[in-house]
Structure formats: structure tokens, C-alpha cells
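Residue-level structure breakdown
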Amino acid sequence: MKTNAYAAQTAATPLAPFSLQRRELGTHDIAIEILYCGVCHSDLHTARGEWQGTTYPCVPGHEIVGRVMQVGAHVQKFTTGDNVGVGCMVDSCRTCVNCEENLEQFCPATVFTYNSPDKHTNGITYGGYSDRIVVDEAFVLKIPPNLDLAATAPLLCAGITTYSPLHRNHVTTGQKVGIVGLGGLGHMGVKIAKALGAHVVVFTTSSNKVADAVRLGADEVVNSKNAAEMQQHLNSFDFILDTVSAQHDINAYLFLLKRDGNLTQVGVPAEPLSLNVGSLIFGRRTLSGSLIGGIQETQEMLDFCGKHSITADIELIPIQKINEAYDRLVKSDVKYRFVIDMASLQQDS
Ligand code: NAP
Ligand code: ZN
Ligand code: ZN
């Protein structure tokens, strides 16, 4: 199935038009016309080779929303014309302990939506910066009917990556929760923590995001570059979610946790972060990581967002502006997720 896409040919080259073939439909597969794809900072880290291990050409994109074009003979959950989503994974082994516990993201054989070995083509997987994709129905999500499709795309990664640790850490009414970094993940974290009933404090380095943070649901906003403002929150947080994509001082946040509080790191800076273990020891605090969420939990998150009418605040862009969007992400100039309107791909053909 001929597919138009945008790819990076090397770590140093901008994304440009690229043509690829999607596999023929298997019995459990769904062919999806991609309508929108969110732009995650992980796309940038991968396309620009910041994490090592990128295979080129690289077609990023794992916040996919589209419409079912065709279904395989044994597909049960979906039918032609359905609005569907695909997130960061398109397959896994289905039999290991992680798969059995619906935590496919930790399966040793997880097939990520892009830059993973693809058994069907003997090449690598190509992601959502493209006009169609073929995915096994077990990795396809249902979109709640009340949500705007373009603004729903970011839920497929930014939504689940923030929902999963907030939910797993039992964030609820009356708790004080910090969200560090107001980008794609951070702004979803604010909305979801607020919907769970928490008192939400946003930590930002961007003074021009303060008013938006309040509009998005923050009860308080802290300029994280101001030490005095940070000091006012010492020993007071139940939970902090750190979404920052670049080097920064996590110890400053660990000291803001209460005794036994937890800071969960979801941002993946290219370089290691340094840890002052005293921040953990004095206060018995914990530092954790979290990786997206399983397929069942992703559907639960979408249904939660449907119930609470939560979508992303997006800037819809044509795909021809993707390199400009990447440059803006590096400068924290995002309000609050770029989403590609895939109809724009036709302008190149
Ligand atoms: P994003 O939209 O670019 O947001 C990152 C935000 O971090 C920025 O908007 C900025 O917020 C803050 N920031 C950036 N540079 C900073 C610096 N030097 N010091 C302090 N703060 C800084 O990125 P995203 O798409 O939300 O992704 C965030 C990170 O999560 C990326 O590393 C991505 O790869 C990772 N990620 C992880 C998972 C997972 O499963 N764990 C899933 C998806 C993404 P302010 O302007 O408010 O300061
Ligand atoms: Zn992502
Ligand atoms: Zn498995």
C-alpha cells in the first residue's frame, strides 16, 4: 500500500517527503487513513539521533488519529469508517508476564510505532507522519465520540504518559501535585491531575506561560528559576511529575516532596541527570520512572478524557512546517502540542 510520509534521512537533515509501502492487510489488521498526528518531543529526540539507536530513514509520529479504511477478515472491534487512535506501540509478544499483565510497553519484544524492527517488512517500523498505516486491531484504540479528533491525537502519548503515573500513584482530591515543565506532556498532566481532584502546582521556566497554566487548571504557578519561590514549597508535595526534556536539577524538586513523597520522571533528557541522594534519604522520598502505559490503560485514559471532556490545546500545522515546529520545541516555544494536519501531505504530490 503506497504511503506518503515525511522522514529524516540522517540525524542532521531536516524531515522531507518520503514514500514507503505499508504491508498488505492481515486477518487481524486494520488499514487506517491518518487524519492527524501529534508531535512529541520523543519524535525530535529520535529523528535527530539524540538518544542513539535511530535507524534512518526515520518516519516519526506516535500520536495518530484516523479513520478505518479497511478491516481484515477476523477483525472484531472495528469497522470501516470508525475513528481510531494508535499510540506508541503497534505489537508485542502477547505471552510474556508483562503482556499478560497488560503492560505491553515493558514486553522485551514491544514493537514501537516507529524505529522498531518490523517482522512484516524485515525493515523498521514507520510512524504517523504519513497518510496511512496498517496495525493489528489489538493495538488500536477507540476514540470517544464527543472529543475533537485533532485535539485528541496528543492523548495517545502525552495523555497516557501523564495519566498512568498520576493514576498509579493514586492522585486524588486534597493532594498537592506538582507538574514540572509546561509543554505537551506537562499541559496534559495539569488537566488530568485537576480532573482527579488534586491541588495542582505548575513549575515553569517560561514566564509567558503563567496565565495559560492557570487557564489549564493550575492552582499555583512557580517560576522554577526563582529559588525563593521554590523554597516556599519545601516538604509540601505528595507527588511531582517531571516532564522536562532537557538537563535540569531534579534535586530542587525532590526537596519539595513531603516525607514518603514520590517524584516520577517521564521526561527523557539525552544526558544523565545528577542525583543528590540526601534529597531521598532525608524524607524517605522516592524517585521513579514511568513509560507510556499499556493498551488497556490507554483505552481507560481515553474514556476518562471523554467523560471529563479533556483534549490537548493544539497548534495545527501543515507537515511542511514540521522542522520549524521542532526548532520551536527546543526553545520551549510550544502552546501546547503541535498536531500535523495530514491533509497537507497532498500539497507535496
Ligand atoms: P515539550 O512539549 O517540548 O515540553 C518540554 C517542556 O520542558 C518545555 O516546554 C519546558 O517547559 C520544559 N523545558 C524544556 N527545556 C528545559 C530546560 N532546559 N530546563 C527546564 N525546563 C525545560 O516535550 P514533551 O513532548 O512534553 O516531552 C517531554 C519529555 O518527555 C521528552 O524528553 C520526551 O521524550 C519525554 N517523553 C517520555 C515519555 C515516557 O513514556 N516516559 C513519553 C513521551 C515523551 P516550560 O517552558 O514550562 O519550562
Ligand atoms: Zn511521545
Ligand atoms: Zn510480551
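Just above sits the structure.
So, here's what we can say about the structure. (Residues numbered from 1 in each chain as written. Chains lettered and ligands numbered in written order. Predicted model: local features only at pLDDT ≥ 70, side-chain atom pairs only at ≥ 80, totals over all residues. Heavy atoms only, no water.)

With that settled, the discussion passes to the overall build of the protein. Of regular secondary structure, the protein possesses eleven helices and 19 strands. Relative to the 2.2 N^0.38 estimate, which gives 20 Å for 349 residues, the radius of gyration of the protein is 20 Å and therefore close to what a compact globule would have. For the protein, buried positions account for 56% of its 349 residues. Pairs at least 24 apart in sequence give 67% of the contacts found in the protein among residues at least 6 apart. (Helix = DSSP H or I, 4+ residues; strand = E, 2+ residues; numbered from the N terminus. Rg over C-alpha atoms; globule rule 2.2 N^0.38 Å. Buried < 20%, exposed > 50% of the residue type's maximum accessible area, 1.4 Å probe, protein only. Contact = heavy atoms within 4.5 Å.)

What follows covers the site of ligand 1. Every one of the 31 residues lining ligand 1 counts as a neighbour, but His-41, Thr-204, Thr-205, Ser-206 and Arg-337 are closest to it. Here an oxygen atom of ligand 1 and a side-chain polar atom of Thr-205 are 2.5 Å apart. A distance of 2.8 Å separates an oxygen atom of ligand 1 from a polar atom in the side chain of Lys-209. Examining the composition of the shell around ligand 1, we find that three residues originate from one element, helix α1 (residues 41–47), more than from any other. For the shell around ligand 1, the per-class residue count stands at 13 nonpolar, 16 polar and two charged. (Near = heavy atom within 4 Å. Polar contact = N/O pair within 3.5 Å; in protein donor to acceptor, adjacent residues only side chain to side chain. Nonpolar A, V, L, I, M, F, W, Y, C, P; charged D, E, K, R; others polar.)

Among the surface-exposed residues, Leu-275, Val-277, Ile-281, Phe-282 and Leu-287 lie close enough to one another that they form a single nonpolar patch of about 500 Å² accessible area. Inspection of the secondary structure assignment puts Phe-282 in the loop between α9 (278–281) and β17 (286–289). (Patch = residues over 30% accessible without salt bridge, like charges linked within 9 Å, V, L, I, M, F, W, Y side chains within 5 Å. Areas by Shrake-Rupley, 256 points an atom, 1.4 Å probe, with all protein chains shown as cover. Salt bridge = Lys/Arg side-chain N within 4 Å of Asp/Glu carboxyl O.)

For the rest of this paragraph, the subject is the side chain of Arg-285. The residue Arg-285 is located in the loop between α9 and β17 in this model. No salt bridge is formed by the buried Arg-285, whose closest oppositely charged neighbour, Asp-260, lies at an N-O distance of 8.8 Å. Reaching out from Arg-285, the side chain makes a polar contact with the backbone oxygen of Leu-254 at a distance of 3.1 Å. Within polar-contact distance, the side chain of Arg-285 engages the backbone oxygen of Phe-282 at 2.6 Å. (Lys, Arg positive; Asp, Glu negative; His and termini not counted.)

As a further point, take the sheet that holds strand β14 (residues 220–223). Here six strands make up an open sheet; going across it, the order is β14-β13-β12-β15-β16-β17 and the pairing parallel. Strands at the two margins of the open sheet, each flanked by one partner only, are β14 and β17. The average angle at which neighbouring strand axes cross in this sheet is 20°, direction not considered. Relative to strand β16 (residues 257–265), strand β15 (residues 237–242) runs parallel, the two being bridged by five bridges. Note that in β16 the partner of Asp-242 across the bridge is Gln-265. Strands in contact with helix α4 (residues 158–168) are β12 (176–180), β15, β16 and β17; relative to β15, the strand with the most contacts, it is inclined by about 160°. (Pairing = 2+ DSSP bridges. Axes fitted to C-alpha atoms, helices over the stretch in contact; angles between N-to-C directions.)

It is worth spelling out the environment of Ser-224 at this point. Here Ser-224 is to be found in the loop between β14 and α7 (227–231). A C-alpha to C-alpha distance of 5.5 Å links Ser-224 and Phe-203, two positions 21 residues apart in sequence. In contact with Ser-224, not counting residues within four places along its chain, are Phe-203, Thr-204, Thr-205, Met-230 and Tyr-253.

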